[in-house]
Structures are given as structure tokens and as C-alpha cells.
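Notes for the structure review
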Amino acid sequence: ILGTCEDVTLFQTAIHALRDRESRTKRLLSGVKDAAILILCEDGYIQFCNDAVQSVLGFTEAELVGQHVSLLSPRPELISGQLLNTLAQADSKFHHEEITRRIRKCGNGFWASVLTTSLTAELPYSKNYCMVIRDVSHYKREEKELHEWKKRFEQLSENVKEAFWIYDVRAAS
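Thresholds, definitions, all that
- Residues numbered from 1 in each chain as written.
- Predicted model: local features only at pLDDT ≥ 70, side-chain atom pairs only at ≥ 80, totals over all residues.
- Heavy atoms only, no water.
- Helix = DSSP H or I, 4+ residues; strand = E, 2+ residues; numbered from the N terminus.
- Buried < 20%, exposed > 50% of the residue type's maximum accessible area, 1.4 Å probe, protein only.
- 1 Å grid on protein atoms, 1.4 Å probe; cavity = no way out; pocket = protein on both sides within 12 Å on 5 of 7 lines; lining within 4 Å.
- Points joined across faces, edges and corners; volume = space filled by probe spheres on them.
- Nonpolar A, V, L, I, M, F, W, Y, C, P; charged D, E, K, R; others polar.
- Phe/Tyr/Trp six-rings, centres within 6.5 Å; stacked < 30°, edge-to-face > 60°.
- Lys NZ or Arg CZ within 6 Å of the ring centre and 35° of its normal.
- Pairing = 2+ DSSP bridges.
- Axes fitted to C-alpha atoms, helices over the stretch in contact; angles between N-to-C directions.
- Contact = heavy atoms within 4.5 Å.
- Salt bridge = Lys/Arg side-chain N within 4 Å of Asp/Glu carboxyl O.
- Core = buried A, V, L, I, M, F, W, Y, C linked by side-chain atoms within 4.5 Å.

On to unusual backbone geometry. Its identity as a non-glycine residue notwithstanding, Phe-94 has a phi of 75 degrees, on the positive side. Tracing the backbone through its elements, the reader meets Phe-94 in the loop between α5 (82-93) and β3 (95-103). By relative accessible area, which is 52% here, Phe-94 ends up exposed.

Take a look at the structure:
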């Protein structure tokens, strides 16, 4: 009879530390309430998402995990390959940020700020991406409204024959 004995204390300590780090990371990401945070595998499939996906995208975590991130992209973006371009740019620059359209579970589109970060891994582990999606529709509406007011003011100033000036009451106080 031959027996071997190996001390696995160091191995068990390392596993416990990794599980603790993973738990803390998930709690941290779940604490973010104004942005949907997705962790994608190299092929674009969602591996993790925080609780905010419900309020930002209308999906539950169970509905998104295992799905391809293209589920959130409008059809023209899919046809053009913009999503693959985004991941490639995140690889080359470590992150890529854009204002683009995204789709909620109900099918409604919205303007989103999307930050995609490449999470490089050492070989032989696969690479991952972190995608942070914030709804910026209200900013886009305000931007459009401001542009319309500017256009009206320019038309008014071109058509008025008399001299006029602008006085900012707030600046005078």
C-alpha cells in the first residue's frame, strides 16, 4: 500500500480569497443603480449583470445571462457590424465610449452612453469585457431643445431690423 499526503492549505486559502474577491466585486457592481453593468465573454455573451439592468433595460438578470449582447442593439447597428467594431476598439485602446441607441426589453429604443472596457487576461484564460450602459435620453432631448431654441433665436436676430441686446439678469446680481 502506497499513500501520499499533500498539504492543500495554501490552495484552499487561495480559493477562499478568490471567492471573497468575487463576492465583493459582485456587491460593488450591484450597488450601482443608475447604470446597467454587463460582463461579457470574448464572444459577446453576457456572463454577469447587475441589478440595474431591470430599471435601465427592463430585463432581469436571469433573462440576460447567457444571451448575446446584440440583443440590446438596434437592427441597423447589427447589420453594420458596429458592435464588433466597438469590441475591437475596446481591445486596441482598452476602452471605448460612445453615445448610441440601445433597445429595452419592451422593444423601445433609447439613447445610451455605453462604455466598453477590455478586461485583458493572461493566457490561457479568455478575455472579457465590461459594458456600462446609462440612459441619456433626457440629455439628448434637452440638447435637441437647446438646438431648436438656438435656431429660433438666430432666425429672430436675422429678421429684426432694430438694434437689440441680451441682458442676463443672473449675471447682474
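After that view, the rundown keeps rolling.
With that settled, the discussion passes to the layout of surface pockets. In this approach a probe as big as a water molecule rolls over the atoms, and the regions it shows empty are the leftover space. In this structure, the largest pocket occupies an estimated 280 Å³ of space. Glu-22, Thr-25, Lys-26, Leu-29, Ile-39, Phe-48, Leu-119 and Asn-128 are the residues that line the largest pocket. With four residues, the top contributor of residues to the lining of the largest pocket is helix α1 (residues 9-30). Residues of the lining of the largest pocket, tallied by class, amount to four nonpolar, two polar and two charged.

Okay, the packing of aromatic side chains next. Across all of its chains, the model carries zero aromatic pairs by this definition. Above the ring of Trp-111, the side-chain terminus of Arg-101 is found at 5.1 Å from the ring centroid. Seen from the ring of Trp-111, Lys-140 lies directly overhead, with NZ or CZ sitting 4.6 Å from the centre.

Take the sheet that holds strand β2 (residues 46-49) next. For sheets, the rule is that strands pair by backbone hydrogen bonds, running either parallel or antiparallel. Judged by pairing direction, the sheet is antiparallel, and its five strands sit side by side in the order β2-β1-β5-β4-β3 without closing on themselves. Edge positions in the sheet fall to β2 and β3, since each has one partner strand and no second. Averaged over all pairs of adjacent strands, the angle between their axes in this sheet comes to 25 degrees, without regard to strand direction. Pairing of β3 with strand β4 (residues 109-119) involves nine bridges; the strand directions are antiparallel. From the neighbouring strand, Thr-100 faces β4, where its bridge partner is Ala-112. Packed on one face of the sheet, α5 meets β1 (36-41), β3, β4 and β5 (128-135) and runs near 160 degrees to β3. Each of β3, β4 and β5 is contacted by helix α6 (residues 137-159), which is oriented at about 125 degrees to β4, the strand it contacts most.

With that settled, the discussion passes to the pattern of salt bridges. The final tally for this structure, using the stated rule, is eight salt bridges. Between Asp-20 and Arg-24 there is a salt bridge, and its shortest N-O distance comes to 3.3 Å. One end of the pair, Asp-20, and the other, Arg-24, are both in helix α1, four residues apart, so they sit about a helical turn from each other. A salt bridge links Arg-134 to Asp-34; the shortest N-O distance between them is 3.2 Å. One end of the pair, Arg-134, is in strand β5; the other, Asp-34, is in the loop between α1 and β1, with 100 residues separating them in the sequence. According to the relative accessible area criterion, Arg-134 is partly exposed, its value standing at 36%. Under the relative-accessibility criterion, Asp-34 is labelled partly exposed at 48%.

Here we take up the nonpolar core. Across soluble globular proteins, nonpolar side chains have a tendency to be buried as a group. Core analysis: the biggest nonpolar cluster contains 22 residues, and Leu-38, Leu-57, Leu-64 and Ile-133 have the highest contact counts within it. Contributions of two or more residues to this core are made by β1, β2, α2 (53-57), α5, β4 and β5. In contact with Ile-133, not counting residues within four places along its chain, are Ala-35, Ala-36, Leu-38, Val-56, Leu-57, Leu-72, Arg-102, Phe-110, Ala-112, Ser-113 and Val-114. Membership of the second largest hydrophobic core comes to seven residues, among which are Ala-35, Ile-37, Ile-39 and Cys-130.

The quantities given are spatial measurements derived from coordinates; they are silent on function.
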